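Reading the structure
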Amino acid sequence: MSLEVENPGSTESANRLSLKRHDSLFGDAEKVSGGKYHGSQGSWARTLHLAFQSVGIIYGDIGTSPLYVYSSTFPNGIKYNDDLLGVLSLIIYTLIIIPMLKYVFIVLYANDNGDGGTFALYSLISRYAKIRMIPNQQAEDAMVSNYSIEPPNSQLRRAQWFKQKLESSKAAKIVLFTLTILGTSMVMGDGTLTPAISVLSAVSGIREKAPSLTQTEVVWISVAILFMLFSVQRFGTDKVGYTFAPVISVWFILIAGIGMYNLVVHDIGVLRAFNPWYIVQYFKRNGKDGWVSLGGIILCVTGTEGMFADLGHFNIRAVQISFNGILFPSVALCYIGQAAYLRKFPENVGDTFYRSIPGPLFWPTFVVAILAAIIASQAMLSGAFAILSKALSLGCLPRVQVIHTSKKYEGQVYIPEVNFMMGLASIIVTIAFRTTNSIGNAYGICVVTTFSITTHLVTVVMLLIWKKHIIFVLLFYVVFSTTELIYLSSILSKFIQGGYLPFCFSLVLMTLMATWHYVHVKRYWHELDHIVPTNQMTTLLEKNDVRRIPGVGLLYTELVQGIPPVFPRLIKKIPSVHSIFLFMSIKHLPIPHVVPAERFLFRQVGPREHRMFRCVARYGYSDSLEEPKEFAGFLVDRLKMFIQEEIAFAQNDVENEDETSSTEVTEAQTRPRRSTNSVVHSEEAIEPRVSSHSGRITVHANQTVEEEKQLIDREVERGVVYLMGEANVSAGPKSSILKKVVVNYIYTFLRKNLTEGHKALSIPKDQLLKVGITYEI
């Protein structure tokens, strides 16, 4: 499957392969959207600026948790006054252990060229080990500047042994893939539940000043806000950092000030909670009830995954500064103040936050709380859209339309179908559960499951990529996985009280993703088994008496080698091919971005006079596809460059025939050799050869190049036609009942009801030609 590098010993290749990455513990991840660098190489002023922006984007969720943590922890009231010290101690140390120690100081370094999140971890691992169901490692791709990796350290055999085990074990590949789609499903669940619980808890505060309002009326007010929230998603959040940061900053100032006020006025003695001994006393006193209460305490760290998932817009240092300098002190003070208030008024635990606000500050705090809840919801929705758009490159879902709502922030995307489903689910959850306590039971499961998945994937990164000492790996895994397991076991005790919701949601989403990926893989291998060898192109055209028609034809295929089976079917039914014809493959590499200069790889298919080419357009999982006009223009320019280099190379071969044998030997050692069996060139397909080659092109060759360029321009003016195979996949007659259900019903339903491929690629309908074909798998 892999495409061989034709001259791995060349100086250019060696220089590229020697590039070091910026995605491990050995260096800050500084590469972010747009190819800009932030971090240790940037100024402190720029870092502080990014830190301020990060406040508005990634801390809305965790910053609004004080609205509902105590009410979720004590749903039946406070039995013992000293329980407040135990719970406060648990909250403080949960904030220190999970967000601070695990994410801020460890997990943030396990990014992929600056991109974070579950999918980025999987892509990072898949670049170091061949774990994908569809082989995606090709020699040419390793020459992309963002792709080159540090070779395994031969002195540490454990990393190489672990790599071989991953690559040879189908079970390990399935487990890693399952963890990835489970994490994606949980993030989608988080994006659905965050708006419900945040908005509902914020709106509930109005009952303090309007006690006549019923809970039903509060629910419907929340539904109205949710409806508006999801309705405006299509407009995007172009200046999200600048717009939201001031609001969230005001929110943090308010909750910190209110917390300080309550601490001083009510009971400064709650500061004793920094002594972890109160945690031990709390569990001794409450036993099973104390363990069950952990399901409410864990809500104090909701949104922590956002620090990692949204890292692409900032850098590690900026997030570390904003968390330790703004988020942690403000939120900790708020929880401490609420505990001091409840020590004096334990009966108000059901609505602690609003009850503890000093009278003059109530309405300003209420308004800011509503805005903060909306911002928290917006941030999670943007993150969910971004993660799902990345998951599309795994082949887990049909190609849906991903709309980039910002030219400045590449991570700001909007997916109409997903937005509709998430909005509907969030409104249904709000109406059905009605209270934050019930929603919190479901919310906690999403949060802790995502934490656990990240722990397992980062452990793989430590073993495979960082090659850390086994003691450090075990310490990381044991400490954090044990902590998360304890919290998860507590939340699962509330399975019937709402905890089942994320499991049902994730089960449905995982079933859909696994089904699509399973058929996608089967279809890929079926097409690969039925390809027509490239060297049979001339025979294929002559056999069907194919005539050439004006224009440029682009046949989309997922294969990057051979002639796809849909092409013989096309020329059999319609024996004609465009004057310029390209087999076009859109390929997503396991890296965030591919720079435009390295986007296209070309290869001649058949004799030169056929003017048929193979083209692979390579994108990172965070890259957006260009508009058709821009894509076609870029493609044509690169095609001209390729033809010019091909003619120059051929002319150079002719001139070399007259040289002495010794000269021929020297040239053979310095010039890349060509192979007719190779599908694509290495980097020479997209970069000009050395100037000595171009200087030896004859006048005849120059005329030929100009003629070919003029021919391409004429054919482009006559029209570009996009051809796509419309594959109808069905299970074979001897397949099991389960396989028939999966392939014939679930997969077919998804294919027919979600956005078609040409819409996802923004192909104009009047330039589209579909070719039907049926596969039995």
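Residues numbered from 1 in each chain as written. Predicted model: local features only at pLDDT ≥ 70, side-chain atom pairs only at ≥ 80, totals over all residues. Heavy atoms only, no water.

The subject of this paragraph is the sheet that holds strand β4 (residues 576–589). Sheets are built from strands that pair by backbone hydrogen bonding, the pairs being arranged parallel or antiparallel. Strand order in the open sheet formed by six strands is β5-β6-β4-β3-β7-β8, and the pairing between neighbours is mixed. With one partner strand each, in any of the chains shown, β5 (600–604) and β8 (768–776) form the two edges of the open sheet. Ignoring which end each strand starts from, the neighbouring axes of this sheet average 25° apart. Bridging between strand β3 (residues 547–556) and strand β7 (residues 720–730) involves five bridges; their strand directions are parallel. Looking across to β7, one finds that Tyr556 is bridged to Met724. (Pairing = 2+ DSSP bridges. Helix = DSSP H or I, 4+ residues; strand = E, 2+ residues; numbered from the N terminus. Axes fitted to C-alpha atoms, helices over the stretch in contact; angles between N-to-C directions.)

A pair of packed helices can be characterised by two numbers: the angle between their axes and the separation between those axes. Orientation of helix α18 (residues 436–466) relative to helix α19 (residues 470–492), taken along the N-to-C sense of each, is 165°, at an axis distance of 9 Å. Accordingly, the angle class assigned to the pair α18 and α19 is roughly antiparallel. Helix-helix and strand crossings are classified by hand; for α18 and α19 the assignment is left-handed. Residue composition of the contact of α18 with α19, grouped by class: 15 nonpolar, eight polar and one charged. (Parallel < 35°, antiparallel > 145°, perpendicular 65-115°, else oblique. Left-handed = near helix turned anticlockwise from the far one by under 90°. Nonpolar A, V, L, I, M, F, W, Y, C, P; charged D, E, K, R; others polar.)

In this model, the protein chain carries a mean pLDDT of 77, and residues with pLDDT of at least 70 account for 80%. Per-element averaging of pLDDT across the protein chain places helix α1 (residues 11–17) at the bottom with 37 and helix α5 (residues 83–104) at the top with 95. Note on residues 1–41: pLDDT under 50 across the span, and 106 contacts to partners over four residues away in sequence or across chains. Within the model, the stretch residues 660–697 combines pLDDT values under 50 with 84 contacts to residues more than four positions away or in other chains. (pLDDT = per-residue confidence, 0-100. Contact = heavy atoms within 4.5 Å.)

In the structure shown here, the tally under the stated rule is eleven salt bridges. Among the ionic pairs, Arg285 bridges to Asp83, the shortest N-O distance being 2.8 Å. With a gap of 202 residues between them, Arg285 in helix α11 (residues 277–286) and Asp83 in helix α5 connect regions that are remote in the sequence. Note that Arg523 and Glu527 form a salt bridge whose closest N and O atoms lie 3.5 Å from each other. Here Arg523 and its partner Glu527 are both found in helix α20 (residues 495–529), four residues apart, which amounts to about one turn of the helix. You can call Glu527 buried: its relative accessible area is 7%. Connected through shared salt-bridge partners, Asp82, Asp267 and Arg343 make up one network. (Salt bridge = Lys/Arg side-chain N within 4 Å of Asp/Glu carboxyl O. Buried < 20%, exposed > 50% of the residue type's maximum accessible area, 1.4 Å probe, protein only.)

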